[in-house]
Amino acid sequence: MYLRMTWVFILSMTSILDMTGCLPDKHLLSWLKPNPINILTLNASPYFDSDLPQKMVTNLGDTAFLKCKVINLRNRMVSWLKTDPLQIISSGLYTFIKDPRYSSEYMEEENTWVLKITKVEYEDSGMFDCQVNADPLMTYTVSLKVVKKDYRQFLNDAPQYAADPSVKILGGYEHLVKVGSVLNLTCVVTTPTSYNQMTRWLQNDRIVTPKTGVSLLSENTPHTSVSCLIIHRVQHRDAGSYVCAAGDMGHDMAVVGIIEEVTPVKSFLTHNMLIPLIILLSISSLIIVLGIVRSVARNSEEADSCSRRKPEV
């Protein structure tokens, strides 16, 4: 009787074999299916399912799901780590990180390990490793980039957050320039979206335009615009407030002060002037000496004449 039932079971199993000689997954017994929990699968090396996405983009404040699927895991452990800075997040279903937004979950039906991050922030962007403690160690890397909801253009695939729009004149608020020198004001406009507007310069509320002695240079990338205002020979009229206006992105202001260039005294004593100056000083000294000698001689003559007249009286 037992032999007959065994034979019927074998026939029933062979009747549902597919053309490749394998049983369809829905007919496999649960303990024969690959499962990271049980250890009754065939003795094969574990490997990752590469069909899952490895580059994730999540809106600021949403929940991020980083997935890692391991086939033939058996009794090995799955861990999640963040690479920069290096931080162990979880091992199995136990979470080490103190941030309550992070949690590790296992989806048994999909045979997938999930790192869940709620209310994502810009600082959550980075590279995350799904590791299996096999020999050698197995790693499956998933990148996360946190962006604003209206931000869909990326410079590259590196996980970086979207910077807030900013307009900045380099070098600080106050610029002191000597008369006759070169003034260079550089304005950097940073925006997460493509920047198509023109950057304008204003001096004392008047628009600056290119002209003789004044140059305007600009360089644009998808998310950064650099504008340079160059005055080749600064004069007193160039003093005042300068505004870099970037349309809807905002503006920044700098104040330019003009100072006189102090010329050293020795610069007047050039080689061509030194000899005439010595001659002039020599002549002046000679005239003074001659004047003194003449004055002394005159006084002597008057004294002699007085001495001659006294005996006659």
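In the block above lies the structure referred to throughout.
In this text the structure is predicted, and so the values were computed from the model without any measurement.

Asks: When you look at the state of the cysteines in this model, what are you seeing that I'm missing?
Replies: In a disulfide, the sulfur atoms of two cysteines are held together by a covalent bond. The full count for this structure, using the stated rule, is two disulfides. Disulfide pairing is shown between Cys68 and Cys130; the S-S distance is 2.1 Å. For the disulfide bridge between Cys68 and Cys130, the dihedral angle about the S-S bond is near -70 degrees, and by the sign convention the bridge is left-handed. Highlighted residues: Cys68 in strand 3 (residues 64-71) and Cys130 in strand 9 (residues 126-132), separated in sequence by 62 residues. The same class applies to Cys68 and to Cys130, which are both buried. Through a disulfide, Cys187 is tied to Cys244; the S-S separation comes to 2.0 Å. The sign of the S-S torsion, about -85 degrees, decides the handedness of the disulfide formed by Cys187 and Cys244: left-handed. Of this pair, Cys187 sits in strand 13 (residues 183-190) while Cys244 sits in strand 18 (residues 240-245), and the two are 57 residues apart along the sequence.

Asks: Quick question: what am I supposed to make of the side chain of Ser104 here?
Replies: With respect to the helices and strands, the residue Ser104 is situated in strand 7 (residues 102-107). We classify Ser104 as buried; its relative accessible area is 9%. A polar side-chain atom of Ser104 sits 2.8 Å from the main-chain carbonyl oxygen of Gly92. Setting aside anything within four residues of it in sequence, one finds Ser104 in contact with Trp80, Ser90, Gly92, Leu93, Thr95, Trp113 and Val114.

Asks: Please explain the packing of aromatic side chains as it appears in this structure.
Replies: Two aromatic rings are characterised by how far apart their centres lie and by the angle between their planes. Counting across every chain of the model gives three aromatic pairs. Each ring, one from Tyr106 and one from Trp113, has its centre 4.8 Å from the other, and the planes form 40 degrees; the classification is tilted.

Asks: Help me understand the sheet that holds strand 8 (residues 112-117), please; the structure alone is not making it clear to me.
Replies: To summarise the sheet geometry, strands pair through backbone hydrogen bonds and adopt either a parallel or an antiparallel arrangement. Ordered by their spatial adjacency, four strands build an open sheet running 1-3-8-7, and the pairing between neighbours is antiparallel. Every other strand in the sheet has two partners, leaving strand 1 (47-48) and strand 7 as the edge strands with one partner each.

Asks: So what exactly am I meant to see when it comes to the layout of surface pockets here?
Replies: Gaps left between atoms are located by rolling a probe of water-molecule size over the structure's atoms. As a volume, the largest pocket reaches approximately 330 Å³. In this structure, the largest pocket is lined by 16 residues; those nearest its centre are Gln203, Lys211, Val214, Arg237 and Asp238. Of all the secondary structure elements, the ones that give two or more residues to the lining of the largest pocket are strand 15 (206-207) and strand 17 (224-231).

Asks: Would you explain the side chain of Asn111 in this entry?
Replies: Looking at the secondary structure, you find Asn111 in the loop between strand 7 and strand 8. Its relative accessible area of 9% is what places Asn111 among the buried residues. A polar contact is formed between the side chain of Asn111 and the side chain of Tyr106, at a distance of 3.2 Å.

Asks: Got a minute to help me understand a nonpolar patch on the surface in this structure?
Replies: Taken together, Ile275, Ile279, Ile283 and Ile287 make up a surface patch of nonpolar side chains, about 390 Å² in accessible area. By secondary structure assignment, the location of Ile283 is in helix 2 (residues 271-312). Note on Ile283: relative accessible area 45%, which makes it partly exposed.

Rules used throughout
- Residues numbered from 1 in each chain as written.
- Predicted model: local features only at pLDDT ≥ 70, side-chain atom pairs only at ≥ 80, totals over all residues.
- Heavy atoms only, no water.
- Disulfide = S-S within 2.5 Å.
- Helix = DSSP H or I, 4+ residues; strand = E, 2+ residues; numbered from the N terminus.
- Buried < 20%, exposed > 50% of the residue type's maximum accessible area, 1.4 Å probe, protein only.
- Polar contact = N/O pair within 3.5 Å; in protein donor to acceptor, adjacent residues only side chain to side chain.
- Contact = heavy atoms within 4.5 Å.
- Phe/Tyr/Trp six-rings, centres within 6.5 Å; stacked < 30°, edge-to-face > 60°.
- Pairing = 2+ DSSP bridges.
- 1 Å grid on protein atoms, 1.4 Å probe; cavity = no way out; pocket = protein on both sides within 12 Å on 5 of 7 lines; lining within 4 Å.
- Points joined across faces, edges and corners; volume = space filled by probe spheres on them.
- Patch = residues over 30% accessible without salt bridge, like charges linked within 9 Å, V, L, I, M, F, W, Y side chains within 5 Å.
- Areas by Shrake-Rupley, 256 points an atom, 1.4 Å probe, with all protein chains shown as cover.
- Salt bridge = Lys/Arg side-chain N within 4 Å of Asp/Glu carboxyl O.

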